[in-house]
Amino acid sequence: MEKTDILSLRLSELEEIILAMGEKKFRAKQIYEWLHLKRVSSFSDMTNISSALQTKLSDKFCINCIKIVKKLESTIDNTVKYLYELSDGNHIECVLMDYKHGDSICISTQVGCKMGCKFCASTIAGFKRNLLPSEMLLQIYEAERESGRKISSIVLMGIGEPLDNYDNVMSFLDIISSKEGTNLSLRHLSLSTCGLVDKINELADRHYGLTLSISLHATNNTARSEIMPVNKTYPIETLIDACRKYIDKTGRRISFEYAVIEGVNDGRDSADELIRLLRGINCHVNLIPVNQIKERDYKSNKNSVRNFQLALEKGGLNATVRRTLGSDINAACGQLRREYEI
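Here's what I pulled together on the structure shown here. Note that the structure is a prediction, hence the values are computed from the model and not measured.

1. Side note on helix 3 (residues 51–60)
Among the residues of helix 3, those classed as buried are L53, Q54 and L57. Viewed end-on, helix 3 has its buried residues packed into an arc of 105°, placing them on one side of the element. Exposed residues pointing more than 90 degrees away from the buried face of helix 3 are listed as S51 and D59. Next to the buried residues of helix 3 lie helix 1 (11–20), helix 2 (26–36) and strand 2 (61–62).

And the structure:
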């Protein structure tokens, strides 16, 4: 009989199973705290649980695990990049970053990615599978254990498209924010999507309070479809309409991510078009110098990035240039996994 991944269960789901096993409901909370606060890797470590119940749990459940197979540490800015091996032999990455407001972690939500964005290293090796809630949680738990640093914010912007793994990501959000567990306020979490409109609409109904980041990267359908195939399914007009509805429902400001690519989307005409597109939307524009990867000849020009920012600000948009972290360890997601598996 296949065992249930206990780390992927919400407390309410665990309570139902524990009751069905003939145990008291409070046992579920005890087990949940062992898993998500004390973060044990064995049922035998749960010292306030009887040996008989430990055996029953071991027969029915498994405690998932991941292991670090490579770690890169920046000598510039305290960034740490981890390559993890999952229980089935697949590999994912996460990046631990040091900010003034505290330590932040960028985690993966899939093994590979289906979206096919041309400037992204994560998509080159293709899509393997979705990550389980436990595998998202364990990226955080293992990084905290190994580094000794306390993570205060989370970014779902690593390998994969979070909204393409919708159900597992929603379970992860519920578990990481559970007051009986890590109890992270979702106001300290950012979810990045390339624009799966149907899922953005579903997410809005949940009123999570997280920051929604839209990977825009172009200002019209022709240009965006060229570098982001998802635009052929969800064109810019449909995406922007969903963003407006999201803001209306949640009251939360949206962040638009814009990778500035020299000769592709960094001209004054693109800046003017972006100003018109986002006018009147409660948003912030995060300009990203594009990461160079060997399979593509995309690059950014520092001066054009700065000029693009100034043009947006002059046009009334709140725009900043993302600080480049871990440049000496290729901290952009997808590169380490791809090099390791070649």
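2. Comments concerning the pairing of strand 10 (residues 189–193)
Counted residue by residue, strand 10 has five buried out of five residues, so it is predominantly covered. As judged from the three bridges shared by strand 9 (residues 151–156) and strand 10, these two strands associate in the parallel manner. Within strand 10, the position partnered with I154 by the bridge is L189. A crossover links strand 9 with its parallel partner strand 10, the connecting element being helix 5 (residues 166–176), and its sense is right-handed. Judged from the four bridges that link them, strand 10 and strand 11 (residues 211–215) form a sheet pairing that is parallel. Looking across to strand 11, one finds that L191 is bridged to L212.

3. Some remarks on the pairing of strand 13 (residues 283–289)
Summarising burial for strand 13: six of the seven residues are buried, a large majority. The pairing of strand 12 (residues 254–260) with strand 13 spans seven bridges and is parallel. Residue pairing in the sheet places V260 in a bridge with P289 of strand 13. You can see the chain leave strand 12, run along helix 9 (residues 268–278) and come back into strand 13, and the turn it takes is right-handed. Across three bridges, the pairing between strand 13 and strand 14 (residues 319–321) is parallel. For V285, the partnering residue across the bridge sits in strand 14 and is A319.

4. As for the environment of T320
Relative to the assigned elements, T320 resides in strand 14. Separated by 45 residues in sequence, T320 and I275 have C-alpha atoms that sit 14 Å apart. Residues in contact with T320, not counting those within four places in the same chain, are H284, V285, N286, L287 and Q309. In this structure the side chain of T320 is engaged in a polar contact, spanning 2.8 Å, whose partner is the side chain of H284.

The rules behind the values
- Residues numbered from 1 in each chain as written.
- Predicted model: local features only at pLDDT ≥ 70, side-chain atom pairs only at ≥ 80, totals over all residues.
- Heavy atoms only, no water.
- Buried < 20%, exposed > 50% of the residue type's maximum accessible area, 1.4 Å probe, protein only.
- Helix = DSSP H or I, 4+ residues; strand = E, 2+ residues; numbered from the N terminus.
- Arc of directions from axis to C-beta.
- Contact = heavy atoms within 4.5 Å.
- Pairing = 2+ DSSP bridges.
- Right-handed = clockwise from strand over helix to strand, strands pointing away.
- Polar contact = N/O pair within 3.5 Å; in protein donor to acceptor, adjacent residues only side chain to side chain.

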